[in-house]
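Each chain, written out:
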Amino acid sequence: MVKAFSYFLLLLLVLAAPLPALSEDVPPQQPVLRHEASMHTAAIQAVSVSTDGRFAVTGSDDKTARLWSLADGGLIKVFRLPVSANWGGRIFATTLSPDGQMVAVGGWDAHFALTGQGHYVYVFDVASAKLIRRLGPLPTAISRLAFSRDSTKLAAGLWGTGGLAVWQAPFTAPPFRDEFYTNLTGGLDFGPDGALAVASWDGDLRLYDSNLKLLARKAAPTKDWPASVAFSPDGSFLAVSYLYAKAVDYVSPKTLDFSVKASAASANFGIANIAWSRDGATLYAAGRYYSKQSAGAATRIFSVIAWTTTATALFDPPEGPHDTIVGMASLPQGGLIFGSLEPRWGIYDPTGKPLIIKAPVTAEMREKQGGNFWASPDGSAVWFGIGPGLGQPHLFDVTRLSFTSQPDRPQGFVSAIINTLPIENWYEFFSPLLNKTMLKPLEGQISRSLSVAPDNQSFVIGTDTTISRFTATGQLLWQIWPEGPTYGVNLTAQGNIIVAAVGDGTIRWYRASDGAELLAFFTHAPDRKWIAWTPKGYFAASPGGEDLNGWLVNGPDWDSTPDFFPLSRFRDQYYRPDIVQLVLKTMDEPQAITEANRIVAAATRDGKPPEVTGTGDIKDILPAVAEFAEDTIELETGSTDITVRYRLRSPSGRPITRVEVQIDGRPVTARAAVAIDAATGTETLSLSVPPRDSEIAIVPYVGDQPGLRAVLPVRWKGQAVLAKKPRLFALLVGISAYENTRLTLNYAAKDAEDLAAVLTAQQGTFYDSVDVKVLLDSDATEDAIEVELARLRKKAAPEDNVIVFMAGHGFTDAAQDFYFLPTTVDMAPDMLSATAIDGDIIRKNLSRIPGKVILFMDACHAGAGIEGNTSMVDMSGVASGLSDGAGVVMFASSAGREVSYESAEWGNGAFTSALLQILADPKAYGDDGKLSISELDEELTTRVERLTGGKQTPVMTKPGAIKRFFLAAL
């Protein structure tokens, strides 16, 4: 339980640290890599809800605030502060104005971290997610924020002795300040009449009237650290909670005089957070109190207490939360929303039933010390649990670039040595000891993990804030500050690499000699998508994993909103699995780059390295950005003809060459390249939308590089229209008989034929009509395939489905370019690119098709005619490359460098065999009798793995803009 209560002490230690030296007063201008998982990746610290209950905002240690739809839990906006190294940019407080127009956030300011002066409150416009105002400077970090109920006042409580600051609309004048506080401001709340109540760790409660005149200051009834205050909806009660006390006090909202105490004496820990139900009949309380363990697991359930005038109830469903509840707010329809340190947020109805639970998406890195965290002797593979301890064990292998479930520990793997030196208090204690003597550089830090070098001459300790390496006598060799607590460290058998399990959900590799980071790995635990990257941003990823990390770029000044660019936008320059595989071998990133480029140059025809290797300034190749200029989160319309406004900008200064308009991820305008002046300001766009809920997107391009999409949801308010059956257009390519007989396959052509028969049978069932074109063997020439791809664009309409199936050989060259091999391909090094179909050609053709496009690619068959094919074909890269920027749902027959199998036993390839089984199996269609792409994905994975004994795993990539849709029906 150290984590649950040490956070406040940790902050106090940070506040007491020496101030940084002054530097130029602009945000750090070097882009930084940060992961992005569409959910918080570090502790949620605050929760706030709009008055109408439609939206909530959460703030987190991961340096983001996020706006959520409370109808479905969907992520709407991400608000980003300027950030700096270490703590700079962490968010401790956030609040959404009751009118839903503004979000205010604050915490440990990057401005202070960089200059040693001034913390600020950052105010964002909700509709645009743009920073509109910066309020300050303030002397200490911001602990709490609250808007008044009419959205005209914004109050900030401060850490240390900073006291209170209150701004009044239009938030341009200096704030009201009360500096007569001797400890942290713990709680703020505005009453219905504009009065402001404040709870402070100095033990006092304060009450200000609507003009901010101090009406009363009294010691809190319970001698503890007052943490929260809450006016009842009608203002007739004022409740006070405490950091450690197991009670809530009711005091007069006019005089602060004690009224009555609500006791939670049976609770085991404090209930620091409180919130009234909207009808005032219930007071909710929660915090570090947990009621029980979840079923079958050693995970605590952190409960919400619900007090009414007649009863006390506990909300403690097994879904969690499983860590301290740090924020709560009530909802107008009843019930409440909570946020926890895991991070997790969720909604309970008035009876405690969970309606929405947004669980953590990171690997759970706690309890990774000692025997719960294993590495191969050279550190190139790590065996760990994506759950607590060794729960749900998985293996990430850098050499193979694979991430797989692994129930048993691999032979030869080693765990951290922890008992060969006299080190004490190293696990969940403050100030660890060596030979009974405190390690001074770690004084006040909570130690989480330990690893002694195999030669016993040094050791490494991970704490809540640092990783440090010491000599056996206690001399500090180096110290670094990772992005979160270090719950596991493991020195390799050679003692030259440190593998660490970090609280932000990453595994990180450090050079033992100086602490330099070499590599990082992150997985989106629910679907096991993953990405591994080097400090310069070279990466390898599973299909769909490329968006899990990206470059955060601070603006030119503190009043500018930072940008975030996913690594998928830099795929051509930075997708380099070869560098990722080499960096642990060379233990030096520049050397790995040089060696990888040398290998590529030797494998290319002209002996030259790739033209673009990403070694330049990342700021020179930043993508273009589109932004809607509408003043609403979503557009409501009863007409199919609408007009919207947008803006374009190019952070790199390169000209924007074209703009693509999409509805639900598919193009709706011509794609002719046109010159666009990014300096013209707001542009106007007229287009037709379907008579249903949809999503408009604007995608700017610099050459072939897609930029950041602007997205605007459209809510249909017109008359409901009965949906017509879609049409299906399919191009099925199967090549078994190549002119080069060494490439011969057995069942690729039959795969295409068999699928054609099944799809044709869907005419009149799911589809109004089915148009199937089949190209087999000698007919599947380069020209024929490209012609048919082009024809699909003219055939399909936006509401149609398009299926492209390609079975045969594929090839990925040393420069990571993919080719599908037609029947006439010439495999000579100087002829391959001229006679094969470039993956870019496939992607561009598919991206121009208006309908919903599904690509099935079965092109990783083993073949004697392709030298090294089983190791050279990177199907994960192919899947991401062909789907990226094209708005295409892609099913790849295998993952990574796996081979796709075919067998006489099945009479097909394993991938097609499973696909045909699914289309013929009524059980796969679900209760609605329709087969969705998500249902197909799950079934394909299960059945292909079963057919191949786990040797082949298909993967699906789906752009986020593509909504769930169906392929077939019974």
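Reading the values: rules and limits
Residues numbered from 1 in each chain as written. Predicted model: local features only at pLDDT ≥ 70, side-chain atom pairs only at ≥ 80, totals over all residues. Heavy atoms only, no water. Helix = DSSP H or I, 4+ residues; strand = E, 2+ residues; numbered from the N terminus. Rg over C-alpha atoms; globule rule 2.2 N^0.38 Å. Buried < 20%, exposed > 50% of the residue type's maximum accessible area, 1.4 Å probe, protein only. Contact = heavy atoms within 4.5 Å. Areas by Shrake-Rupley, 256 points an atom, 1.4 Å probe, with all protein chains shown as cover. Pairing = 2+ DSSP bridges. Polar contact = N/O pair within 3.5 Å; in protein donor to acceptor, adjacent residues only side chain to side chain. Phe/Tyr/Trp six-rings, centres within 6.5 Å; stacked < 30°, edge-to-face > 60°. Lys NZ or Arg CZ within 6 Å of the ring centre and 35° of its normal. Axes fitted to C-alpha atoms, helices over the stretch in contact; angles between N-to-C directions. Salt bridge = Lys/Arg side-chain N within 4 Å of Asp/Glu carboxyl O.

Chemist: Sorry if this is basic, but what is going on with the overall build of the chain here?
Modeler: A count of helices and strands for the chain gives 13 helices and 74 strands. In terms of C-alpha radius of gyration, the chain reaches 29 Å, essentially the compact-globule figure of 30 Å for 970 residues. If one aligns the C-alpha atoms of the chain with their principal axes, the spans along those axes are about 90 × 75 × 55 Å. Counting the 970 residues in the chain, one finds 60% classified as buried. Summarising the internal contacts of the chain: among those between residues at least 6 apart in sequence, 56% fall at separations of at least 24. Just so you have it, the chain exposes about 36,200 Å², and 51% of that area is on carbon and sulfur atoms.

Chemist: Quick question: what am I supposed to make of the pairing of strand β19 (residues 238–242) here?
Modeler: Within a regular strand, side chains alternate between the sheet's two faces. For β19, the buried fraction is high: five of the five residues fall into the buried class. Where burial is concerned, the two faces of β19 agree: the one with L238, V240 and Y242 and the one with A239 and S241 are both buried. Bridge count between strand β18 (residues 226–231) and β19: five bridges; the pairing is antiparallel. Paired with P226 across the two strands is Y242, which belongs to β19. In this antiparallel pair of consecutive strands, β18 and β19, the connection spans six residues, and G235 shows a positive phi of 80°. Across three bridges, β19 lies against strand β20 (residues 247–251) in antiparallel orientation. Counterpart to A239 in the pairing with β20 is Y250. Between the end of β19 and the start of β20, which pair antiparallel, lie four residues.

Chemist: I tried to follow the pairing of strand β2 (residues 44–49) on my own but got confused; where do I start?
Modeler: Buried residues dominate β2, accounting for six of its six residues. In terms of strand pairing, β2 meets strand β3 (residues 55–60) through five bridges, oriented antiparallel. Among the inter-strand pairings, V49 is bridged to a residue of β3, identified as A56. Between β2 and β3, which follow one another and run antiparallel, lie five residues, and G53 among them has a positive phi close to 75°.

Chemist: I keep staring at helix α9 (residues 839–847) and nothing clicks. Help me out?
Modeler: Side chains of residues three or four places apart in an α-helix project in the same direction, reflecting 3.6 residues per turn. Within α9 the residues assigned to the buried category are G839, I842, R843, N845, L846 and S847. Between a side-chain oxygen at the N-terminus of α9 and the backbone nitrogen of D840 the separation is 2.8 Å; the capping residue is D838.

Chemist: Looking at this model, I keep getting lost on the packing of aromatic side chains. Mind explaining?
Modeler: What characterises a pair of aromatic rings is the spacing of the ring centres plus the angle enclosed by the ring planes. Counting across every chain of the model gives 34 aromatic pairs. Relative to Y427, the ring of W426 has its centre 5.9 Å away and its plane inclined at 50°; by these criteria the two rings are tilted. Owing to a relative accessible area of 13%, W426 belongs among the buried residues under this scheme. An aromatic cluster is defined as three or more aromatic residues linked by ring pairs; in this entry it consists of W87, F92, W108, F112, W159, W201, W225 and Y244. In this arrangement the basic side chain of R409 is found over the ring face of W374, its NZ or CZ atom lying 3.9 Å from the centre.

Chemist: Which parts of the structure should I look at to understand the sheet that holds strand β40 (residues 437–438)?
Modeler: In a beta sheet, neighbouring strands pair by backbone hydrogen bonds and run either parallel or antiparallel. Taken in spatial order, the three strands of this open sheet run β37-β39-β40, and their pairing is antiparallel. Pairing within the sheet leaves two strands with one partner each, and these edge strands are β37 (423–424) and β40. Where strand β39 (residues 433–434) lies against β40, two bridges are found, and the strand directions are antiparallel. For L433, the partnering residue across the bridge sits in β40 and is M438.

Chemist: Even after reading the chapter, I still don't get the environment of G53, so can you show me in this structure?
Modeler: The residue G53 is located in the loop between β2 and β3 in this model. The residues contacting G53, other than those within four sequence positions of it, are L70 and P332.

Chemist: Quick question: what am I supposed to make of the sheet that holds β20 here?
Modeler: If you trace the four strands from one edge of the open sheet to the other, you get β18-β19-β20-β21, paired in antiparallel fashion. Both outer strands of the open sheet, β18 and β21 (258–263), are each paired with one neighbouring strand and no more. Between one strand and the next, the sheet's axes are offset by a mean angle of 25°, whatever the strand orientation.

Chemist: Explain the pattern of salt bridges here, please?
Modeler: For side chains bearing opposite charge, pairing can occur when the charged atoms are close. Applying the stated criterion to the full structure yields 44 salt bridges. Ionic pairing is found between E595 and R598, a salt bridge with its closest N-O pair at 2.7 Å. Placement of both E595 and R598 in helix α5 (residues 589–603) is noted, with a separation of three residues, approximately one turn of the helix. Here E595 falls in the partly exposed class, since its relative accessible area comes to 27%.

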